[in-house]
Each structure stands twice: as structure tokens, then as C-alpha cells.
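# Examination of the molecular architecture
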Protein chains: 2
Amino acid sequence: MTGTLDPALLDRFAAIVGERHALRDIAETAPYLTERRALFAGISPLVLRPGSVDEVSRIMQLATQTRTPIVPQGGNTGLVGAQMPDRSGGQVVLSLSRLNRIREIDTLSNTVTAEAGVVLEALHAAVDAADRLFPLSLGSQGSCEIGGNLSSNAGGTGVLAYGNARELCLGLEVVLPTGEVFDDLRKLKKDNTGYDLKNLFIGAEGTLGVITAAVLKLFARPKGREVAWVGLKSPQAALDLFGRATDQAGGSLTAFELISDMVLSFAVRHIADTHAPLQGEWPWHVLIEISSGRSAKDARTLMEEVLIAALEEEIAGDAVIASSLAQASAFWRLRESLSDSQRPEGGSIKHDISVPVASIPQFIERGAKAVAAVCPGARIACFGHMGDGNLHYNISQPVGMEAEAFLGLYPQMNKAVHDLVREMNGSISAEHGIGQMKRAELIATSQPIAIDLMRRMKAAFDPAGIMNPGKVI
Amino acid sequence: MTGTLDPALLDRFAAIVGERHALRDIAETAPYLTERRALFAGISPLVLRPGSVDEVSRIMQLATQTRTPIVPQGGNTGLVGAQMPDRSGGQVVLSLSRLNRIREIDTLSNTVTAEAGVVLEALHAAVDAADRLFPLSLGSQGSCEIGGNLSSNAGGTGVLAYGNARELCLGLEVVLPTGEVFDDLRKLKKDNTGYDLKNLFIGAEGTLGVITAAVLKLFARPKGREVAWVGLKSPQAALDLFGRATDQAGGSLTAFELISDMVLSFAVRHIADTHAPLQGEWPWHVLIEISSGRSAKDARTLMEEVLIAALEEEIAGDAVIASSLAQASAFWRLRESLSDSQRPEGGSIKHDISVPVASIPQFIERGAKAVAAVCPGARIACFGHMGDGNLHYNISQPVGMEAEAFLGLYPQMNKAVHDLVREMNGSISAEHGIGQMKRAELIATSQPIAIDLMRRMKAAFDPAGIMNPGKVI
């Protein structure tokens, strides 16, 4: 199955990395050609696994010479199909997974220089051993890779205090479509020498160049960390609690996750060894994490102050602070399991949206009406990073409905939710990116001038159009 | 003096803003055609002062039609000549100062939407009245404007805790060279919908488009703030103190300014009502600011803990905490006066550099040798934002030397300092930008591929080459 690519050309690519690292057998390429949710499946005659930046460079050189489309891939955990080739068989997959060296940990400048293929969890472990924190934290951290995290400007649960992947990156090494290496691996906190090239490659989903390494910021590990679970009567109460927690804890507020009772009930029902942290019934829940750079006691005191005030003012209905590391982990596991917990409930239509933080209660109220208008009885499994204005606004099918019938409403449901998002000046992709999934919608609904500028940028960086074609723009 | 521009064309431009706001008289245009240090003086037959985004748009439309070069200008405080037209008389100055409306302060989402011409100090006052903090803080804040701050990605003393102008901006409104308006005034903390256009315009010094408004982040005002002055024996001791203060105070460490005794002695000698905060003689000094979101007492306790530990461990030689707001202001005034204090000491050759924070002691040691090799007896007036790795590494002439003879060494001195910066993977423009001043050096000393990418970007956004030509790239 060589698709439209000449076998002699495939041999030339394979020669760069060595036959062992040039996968052509369907059994070997299969893991690179579909993804966990099986929404996107690609066809490709060749998966290249280079072992050095030089090999990446030579691959891109050959790709430019021969106009061969290249699809860069990291840990293959992306949710919008950016890492998947199309189904023509005419695109080569470039896996960065073997570029997995941590080149340097600098505890004085608080930086780590890591190659694109370093798995996020492995990076955590390495900097942990150096008594530092790299705060990017995602559900997929056991398999996602740094290059993919940067290419998709990954978010996750640490954004509130530390920012997205973008904010955590000081410098990049990028192989351009021509094979030229742009070495911008700087450790500088301030550098105003010309246009910001770094931020262009971050979030470009491999359409402008191939990120091969990065300098990332490290932080002191918190000396204390407390996790609490709060029951509330409404999203407005959650917003009030967020305001209060920000006011009292400031930068020590390291997570503020909103969870609807609907999706919590799914998790408790379907995920082994989980139970609701609070006794009473609350329509909304918040997981709060407070971290202190000072001491364990300080984190505890802060958390108690926030919760006592919130309970006294009746912002919070009930609250429990995790009494052990094990319980804190259980709270977090519950939060991380929400996405999976929807599966046994049938068809699900997912949205990764953001609105201004202050608009969240209004969005939830209006969203419920919009969803019900498309499909009465649909169950809204809403949860997300409230402090960032980012909700995973997922819709599970009504009980008893055929999954297929429900999923047939995908376009209408999507449109209803995204129209509301746009009306409220929000984003239809807060953290997952555009990839294949939202490309048509991005192009159709953005300001024409924004699309025009993106296209000009794409043409300027990748005139031959070989970098991950069909993605983003 | 209409230079190469046709008077009829000038009339067409003037008609857009009205004669009153189209300055042609030399007495009226003069303030726009030179800057405070008189390093850059331009010639222009016309300074336009539009009063609306629509007028800016029509100006750019006409400029594109007629291929007229436009030089955007904010508060005219830039230090590298980016805001100055050349001396051909063929460029029109576009002052954004009349676009000075604060469109909205949103205390729930913690954002302010301000037009380009809002003076930084006026913005401070407005958000202060809403009980919020906008942490960008510069020596020139009484006259610099938000549009210029963003176009130059301004730094200043608040970067350590809050980041550069870039990090403080959530959304932009930009008029493109064609006159099209790119409205990206979002309040979103997370938005992964395509290429990062915002960060391209930030720091582009008006060469890609005209920033007309921005959404900026606001923060809670600290409840307590303490300022201390510390005497130390070496830059290494200052680095150790920085490590300790970061460890103990974390995000509450809001300033860490390094000051050499040489430049402090200039200030005490020449600036009215200043005196050295400490009795003894110390070769190096640090101004520390700690802010607490919790309470005044908390800031005090933190500062005391940091200083007591540093004194006990003999990292710090001596230290004094400002005992009143007046004394805290005096410490800051001393810091802010350092740049001016060099003038009475004769000729000065200035550098705005950054290196990785951990390399600062080594840079200072090697820099002294490099400077002495070019000009024995030259006095190094070194100070800056140590926590950001950013030093204003200014060289005052030897006592008794002719200023002109010293300034004749400018190219050699510059080269000696910048060569060292490059060798240490630093930046030759940490916060002031490139403008006219460092353009040739940027082009000559950067990786060719970086320059190539910047040129492609410039050509993609400004194909007619009318946006602030001769700047940056």
C-alpha cells in the first residue's frame, strides 16, 4: 500500500533513518495511523522514526526536493487529528518519539532543554529528581510528548497559575520545511531582537516546521499542597468562589476545576473505586488546589481561610479538604476520569470552548437552552478549567436514545454551542487546537482578514505546502 | 519642506484627520521628530493625529494606494529610534496619541481594554480607581503609551513577577498596511484557534501593522508591599540572594534590581535629594520588593525572613527595609534616577543586554575585562533587572577623558560587549528593541535563517513595504 508515493522515493527516505526505523509494514505502522478515540484514521506507506535532528533535517530536505507531504507526530494523543495523515496514502508520517533526550537541566537558570520526543511524564520525573517542577499537567501525560505539547500549545490543569505550554517555553529548535535548522534554544527571560518567531511555531500544529527541541521553564516545587472538594448551588456561586480564592490565595491557587453533578454521577457510576467526595447533593462541584512555596502549613492555612470564608458567606454549600495524599490523589483521579466516564453513557458530542471567565455562568445557562432546543433530554456533561474560562462542554445522549441518531445531530449541536460561544466572544478551541476537525469551521467563521493573514504566514514559511497539509488552515 | 512627497498627497492625508490634526508647521512637528536623548532626529512634512480607528484605517488605505511610508508613533519615548522617520522627508508620521480612550475596565474578568494612545500612567490611575493593578512599570510611564509599550514589548521593573508587555496582553486591534482592521480584542486566557497573530504584532515595532487598541490583564492590588536595600560583596552574592528570595517568596518577589556601587555613587552625587541607603561601603547593591496578596503584615514577615536568613548566611552584607512609604519611594526614585545620573559624568556608551540569570556574575567579571581592553579607566555603570537576566550595562568615560574621544570608541566598545553577550547565549536587546539603532547589527550577527524568516514575515504582511521601513529588519 504505497498510495501515490513512488517506492523508490520511500527507499530514499528510509535510507536516511535506516530500515529499522522506517516502518512500512501495516502491523508496525498501524499505531501511528489511528488514535485513541478512532475519530481520525490515516493511510500512509511510511512512518519515519529519525534518531537525530540531522536526520530530521535530511528528511525535510528530501521532502522539499520531491514535494512530499510530511505529517509530524509526537505521542499521538491529539484530539483534533493534527497528527494524522490523510487517507490518500500520499503523506509520510514523521514520528519524533526517538528524539527523547533531556539535553540539560539547569537548576540555576531554572530551565530544562528537552527534545521533542520526551514524554511529559518522563520530563516530570527527571526534573522532580532535580527538585524542580515543570507544571504542564495533562490527562495524557503518560504518552504525550513535549514536541506535540508545544505544537498544540497544550493547556491542562496547571494553566491557572503557570500558563499554557506557550508561556512555559523560552526557546525552540525547529527544522524548517527546507531542512534548515532554526536554533533558537535560548534561556532568556527577555529578548527583544526582532519578530517573535518562537510563538509562531508554538500552536502551529506542525504546519510551519518541525519542533525538535525546546528550552522550558522550571519552577520551585511547592512545599505544601492542599486539595479540596466543594459543593455549590450554581455556576455563579463557583464564580464567586473563584473570585474569593483568587483574592485570598493569589498565585497559590494552582487549580480551580468546575464539575457538574451530571458528569460526576457518570464517573461515580462507571469508574472503579470512585465515589462522590461529599455526602449531600450539589448540582455543581469545584476541585480547588492551593500550593504554597513556603510550607505545608501555609498551604493548609490558606485553604482553610478560603473555605471557611466561603462557607460563612454561603458561597460554598459544603467542602472537604483531602486529609491525605491518597485522598488528594483520589479527588484528582475523579477529575481526570470525567472524560472517560461519558463513554458508557452512549453517544457524546464534545466541545472544547472558552469564554471570558466572568461569562461562564451566563454561558452555562444559555448553553442549556441551546442544547435542549437541538435535542431535548440531552445530558450536559460540563466540566473544565473554570479559572481559565475553559469548559469541556460535552453533551451525552438522552437516556434510551439510539447513539447513532444522537450523533446524527452532531452538526446542529456543534453549531448551536459554537454560535453561542462566538456570540459571547469566546473560542471554539480553547486548548485542543484545530487540526483536521475544526479547520472548515475555523475558515468559515473567522474574520476573513485573520484567515488571510494565517494563509500568508503559511505560504511564507512553507511555500511548497509540504508541512502537514490539510491541517489548521 | 515636503521632501519627496507631493503636497497634493499631503492634502489628501490631511483631509482624513482634518487640518487641525494634520501638523505641517516645523514648530508643531518638531516634538515628533526628535527624541529625548537626541540620538535620532527625523524629517517629515506631515504628522497625522487621527482621532478614530476608522481614520487610521483610511490613512493606511491611502498609504497603500500611494505607496507612502508610514511611521507609527506613540509617546515618543523609545530608545532605539523605531518611532522616528528617516531624514528623507518622504515618510509620514502617524501619531496614535489621540486614540486615548479606555474603552472598558472589566473587574470580573480582570481586563482593561485601552486604546493605543493611553498613557501608561493614566492607565495605572484608571485601574487603580477600580482597585486593580496593571503591573507594567517603566521609567517613562508618565509619557509612554500602551500602543508603543506593546509594539516594543516593553519590560521594566514588574517583569519578574508579571512578565513583559507580551505576557500582559490578551487581545489586540490592529490596522493592517492595507487599512483592513484585524479585530482580535479577546479576553480569553485560552484560545488555540490557528496561528498566534497577536504575538507577531507585539514587539514588531510598527513594521507589520498599527496597533490601535488592546485587551490587557489586570491583577489584584497587593495588600502589602515592602522595599529593602541590600549591600553585597559581589554579583555572585546577589545571585545567591536572588535564589534565596525566590525560594522563600516565590511569586511575591516583585522586584530584584542589581545596582553597582559605581552607578549609585553617580546618582548620589548628581541627583538632588538622594543619598545612599546604607552606611557602609558595598561594591554591589540590590533593591528588593516583596508584595503580598494577603496582608501588609505578610509582606513584612516575608521580607524579614528573606533578609534575616541572607544576613545570617552572610549572603547579604547589610540590609535596610524601608520604614515608610516615603522611604520606599526614595529607594525606587534612586533606582529610577540611575540612567540620568550618568549624564554629568560625561560620555556614556549604553547596552541593554540579557544573559541567562545564572550567568550574570560571569558576565560581569568578563565584561569588566572586555571593557578595560577597549578603554582602560572606563567606568562601568551597571544596573538592571537581575531577576530577568537583564542588565543596563552602560559604560561611562574615564575621568578626565574627552567625551568625544570616548564616544569615538562606541563601535569597538559595542562590539566587545555584544560579542561577549553572544558568546554567552544572551540578547543584545533585552527590552528596548531593534529600531534603527541595532538593525544592522541584528542582520549581521543573527543566524541567516532567522533573518530570512523575519524578512518573509515582513513581506507577507507588508508587501508594499510601507510600514515603518528601515526598522527592525
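This is a predicted model, so every value here is computed, not measured.

## Some points on the pairing of strand 14 (residues 284-292) of chain B
Residue and element names in this part refer to chain B. Most of strand 14 is tucked away, with nine of its nine residues classed as buried. Covered by surrounding structure in strand 14 are Trp284, Val286, Ile288, Ile290 and Ser292 together with His285, Leu287, Glu289 and Ser291, the residues of both alternating faces. Taken together, the nine bridges between strand 12 (residues 224-232) and strand 14 define a ladder with antiparallel strand orientation. Pairing of Gly231 across the sheet is with His285, part of strand 14.

## A look at the packing of helix 13 (residues 360-374) of chain B against helix 15 (residues 410-423) of chain B
All names here are of chain B. Where helix 13 contacts helix 15, the axes come no closer than 9 Å and their chain directions differ by 155°. Comparing their axes, helix 15 and helix 13 come out roughly antiparallel. For the pair helix 13 and helix 15, the sense of crossing is right-handed. Contacts between helix 13 and helix 15 involve Phe363, Arg366, Gly367, Ala370, Val371 and Val374 from the former and Gln412, Met413, Ala416, Val417, Leu420, Val421 and Glu423 from the latter. Of the residues in the contact of helix 13 with helix 15, the class split is nine nonpolar, two polar and two charged.

## Here's the deal with the packing of aromatic side chains
Residue and element names in this part refer to chain A. If you walk through the whole model with that rule in mind, you get 12 aromatic pairs over all chains. Summarising the aromatic geometry, the rings of Phe201 and Phe461 are spaced 5.6 Å apart at their centres and angled 70° between planes, so their arrangement reads as edge-to-face. Placement of the pair is Phe201 in helix 7 (residues 198-201) and Phe461 in helix 17 (residues 448-461), with a sequence separation of 260 residues. On the basis of relative accessibility, which here comes to 2%, the residue Phe461 falls in the buried class. Taken together through their ring pairs, the aromatic side chains of Phe182, Phe201 and Phe461 make up a single cluster.

## Here we look at the sheet that holds strand 4 (residues 92-95) of chain A
All names here are of chain A. Within the open sheet, the four strands sit side by side as 1-2-4-3. Their pairing is mixed. In the strand order of this sheet, the two ends are held by strand 1 (22-23) and strand 3 (70-73), each with one partner. As paired elements, strand 2 (residues 47-48) and strand 4 share two bridges and run parallel to each other. The residue bridging Val47 from the neighbouring strand is Val93, located in strand 4.

## As for the nonpolar core
One finds Phe201 of chain A together with Phe201 of chain B to be the most contacted residues of the largest nonpolar core, which totals 90 residues. Among residues more than four places away in sequence, those in contact with Phe201 of chain A are Ser151, Leu172, Val174, Leu176, Phe182, Leu208, Gly209, Ile211 and Phe461 of chain A together with Leu453 of chain B.

## Examining the UniProt feature "domain: FAD-binding PCMH-type" (unreviewed entry) in chain A
Here, UniProt's "domain: FAD-binding PCMH-type" (unreviewed entry) annotation points to residues 40-221 of chain A. Secondary structure across residues 40-221 of chain A divides into 21% helix and 24% strand, with the first and last C-alpha atoms of the span separated by 38 Å.

## A look at the environment of Gln248 of chain B
Relative to the assigned elements, Gln248 of chain B resides in helix 8 (residues 235-249). Taking C-alpha positions, Gln248 of chain B is 55 Å from Thr64 of chain B, a pair spaced 184 residues apart along the chain. If we skip the residues at most four places from it in the chain, Gln248 of chain B touches Arg294 of chain A together with Leu302, Glu305, Val306 and Ala309 of chain B.

## Observations regarding the interface of chain B and chain A
Between chain B and chain A, the contact holds 75 residues from the first and 75 residues from the second. Taken together, the two surfaces of chain B and chain A that pack against each other cover about 5900 Å², and 57% of this comes from carbon and sulfur. The three residues of chain B that bury the most area against chain A are Lys190, Asn192 and Tyr195 of chain B, which together make up 18% of that side's buried surface. Linking chain B with chain A are 10 salt bridges, by the criterion used here. For Asp196 of chain B, the salt bridge goes to Arg166 of chain A, with nearest N and O atoms at 2.9 Å. Counting every contact that joins chain B to chain A gives 38 residue pairs in polar contact (both at pLDDT 80 or more). If you list the elements that add at least two residues to the side of chain B that touches chain A, you get strand 9 (181-184), helix 7 (198-201), helix 8, helix 10 (296-312) and helix 17 (448-461) of chain B.

## Here we look at the domain arrangement of chain A
Residue and element names in this part refer to chain A. Domain annotation for chain A reports domain 1 (7-95), domain 2 (102-220), domain 3 (224-340) and domain 4 (345-434). Each of domain 2 and domain 3 has a C-alpha centre, and the two are 29 Å apart. Listed per partner, the contact involves seven residues of domain 2 and 10 residues of domain 3. Interface of domain 2 and domain 3: buried area, both sides summed, is about 570 Å²; carbon and sulfur atoms make up 63% of it. Summed over the shared surface of domain 2 and domain 3, the result is zero salt bridges.

## Here we look at the packing of helix 1 (residues 7-17) of chain B against helix 3 (residues 53-66) of chain B
All names here are of chain B. Where helix 1 meets helix 3, the closest approach of the two axes is 9 Å, and the angle between their N-to-C directions is 165°. Considered as vectors, helix 1 and helix 3 are oriented roughly antiparallel to each other. As helix 1 packs across helix 3, the resulting crossing turns out to be right-handed. Facing helix 1, whose interface residues are Leu9, Arg12, Phe13, Ile16 and Val17, helix 3 presents Glu55, Arg58, Ile59, Leu62, Ala63, Gln65 and Thr66. Of the residues in the contact of helix 1 with helix 3, the class split is seven nonpolar, two polar and three charged.

## Quick notes on helix 11 (residues 325-336) of chain B
Note that an α-helix has 3.6 residues per turn; residues three or four places apart therefore point the same way. Residue and element names in this part refer to chain B. Its 12 residues place the ends of helix 11 16 Å apart at the C-alpha level, agreeing with the 16 Å of an ideal helix rising 1.5 Å per residue. By the burial criterion, the buried members of helix 11 are Ala328, Phe331, Trp332, Leu334 and Arg335. Down the axis of helix 11, the buried side of the element spans an arc of 155°, and every buried residue falls inside it. With respect to the buried face of helix 11, the exposed residues turned more than 90 degrees away are Leu325 and Ala326.

## Some words on the pattern of salt bridges
Opposite charge on two side chains permits them to pair, given that their charged atoms come into close proximity. Residue and element names in this part refer to chain B. One pass over the full model with this rule turns up 65 salt bridges over all chains. Here Arg186 makes a salt bridge to Asp191, at a shortest N to O gap of 3.3 Å. When its relative accessible area of 25% is taken as the criterion, Arg186 is described as partly exposed. Where Lys369 meets Glu365, a salt bridge forms, and the shortest distance between an N and an O atom there is 3.8 Å. Placement of the pair is Lys369 and Glu365 together in helix 13, with a separation of four residues, close to one helical turn. Like Lys369, the residue Glu365 is exposed in the burial classification.

## Section: the confidence of the model for chain A
Here chain A averages 96 in pLDDT, and 99% of its residues register 70 or above. Listed scores for the predicted complex are pTM 0.96 and ipTM 0.95.

## Side note on the sheet that holds strand 2 (residues 47-48) of chain B
Residue and element names in this part refer to chain B. Judged by pairing direction, the sheet is mixed, and its four strands sit side by side in the order 1-2-4-3 without closing on themselves. Both edges of this open sheet fall to strand 1 (22-23) and strand 3 (70-73), since each of them pairs with a single strand only. Alignment of strand 3 against strand 4 (residues 92-95), held across four bridges, turns out to be parallel. Bridge pairing in strand 4 links Val71 to Val93.

## Some remarks on the relation of the copies chain B and chain A
Between chain B and chain A, the superposition needs a rotation of 180° and an axial shift of 0.0 Å, giving an RMSD of 0.0 Å. Put plainly, the chains are arranged around a two-fold axis. A share of 100% of the interface residues of chain B reappears at the interface of chain A, consistent with the copies meeting face to face through the same patch.

## Observations regarding unusual backbone geometry
Of note in this structure, Asn468 of chain A is not a glycine but carries a positive phi near 45°. As for its placement among the helices and strands, Asn468 of chain A is situated in the segment after helix 17. By relative accessible area, which is 1% here, Asn468 of chain A ends up buried. Phi at Val472 of chain B takes a positive value of approximately 65°, unusual for a residue other than glycine. Summarising the element assignment, Val472 of chain B is placed in the segment after helix 17.

Each value, and the rule that gives it
- Here the residue numbering is sequential within each chain, running from 1 through the sequence in written order.
- Chain letters start at A and ligand numbers start at 1, both assigned in the order the entries are written.
- Given that this is a predicted model, residues contribute local features only at a pLDDT of at least 70 and side-chain atom pairs are listed and counted only at 80 or more, while totals for whole chains, interfaces and linings are drawn from all residues.
- The side-chain values count all of the structure's non-hydrogen atoms but skip hydrogen atoms and water molecules.
- Here's how the labels work: a residue is buried when its accessible area is under 20% of the maximum for its type, exposed when over 50%, partly exposed in between, all with a 1.4 Å probe on protein chains only.
- Numbering of helices and strands runs from the N terminus; a helix is a DSSP stretch of H or I covering at least four residues, while a strand is a stretch of E covering at least two.
- Should DSSP find at least two bridges between two strands, the strands are taken to pair.
- With axes taken as lines fitted to C-alpha atoms, and helix axes fitted only over the stretch in contact, angles between N-to-C directions fall between 0 and 180 degrees.
- The cut-offs work like this: below 35 degrees is roughly parallel, past 145 is roughly antiparallel, 65 to 115 is roughly perpendicular, and the gaps in between are oblique.
- Handedness of each helix crossing follows the sense of rotation of the near helix against the far helix: counterclockwise by less than a right angle gives left-handed, clockwise gives right-handed.
- The contact criterion used throughout is that any non-hydrogen atoms of two residues lie within 4.5 Å.
- Residues are grouped as follows: Ala, Val, Leu, Ile, Met, Phe, Trp, Tyr, Cys and Pro are nonpolar; Asp, Glu, Lys and Arg are charged; all remaining types, including Gly, are polar.
- Aromatic pairing here means that ring centres of Phe, Tyr or Trp (its six-membered ring) are within 6.5 Å. Orientation follows from the plane angle: under 30 degrees is stacked, over 60 is edge-to-face, and everything else is tilted.
- Residues belong to one nonpolar core when they are buried, are Ala, Val, Leu, Ile, Met, Phe, Trp, Tyr or Cys, and are joined through side-chain atoms within 4.5 Å.
- UniProt positions are given in the numbering used here, feature names are shortened, and annotations may be inferred rather than shown by experiment.
- By buried area we mean how much accessible surface two parts lose on assembly, using a 1.4 Å probe and totalling the loss over both.
- Salt bridges are defined as contacts in which a side-chain nitrogen from Lys or Arg sits within 4 Å of a carboxyl oxygen from Asp or Glu.
- Nitrogen and oxygen atoms within 3.5 Å of one another constitute a polar contact, given that in protein one can donate a hydrogen and the other can accept it, and given that sequence-neighbouring residues count only through two side-chain atoms.
- Domain start and stop positions are those given by an automatic or database domain assignment.
- Here the expected span of a helix is defined as 1.5 Å times the quantity of residues minus one.
- Each direction from the helix axis to a C-beta atom contributes to the arc, which is the arc of those directions.
- Values of pLDDT, the confidence the predictor places in each residue, fall between 0 and 100.
- Least squares is used to superpose the copies, and the fit set is the C-alpha atoms of residues whose pLDDT is at least 70 in both copies.

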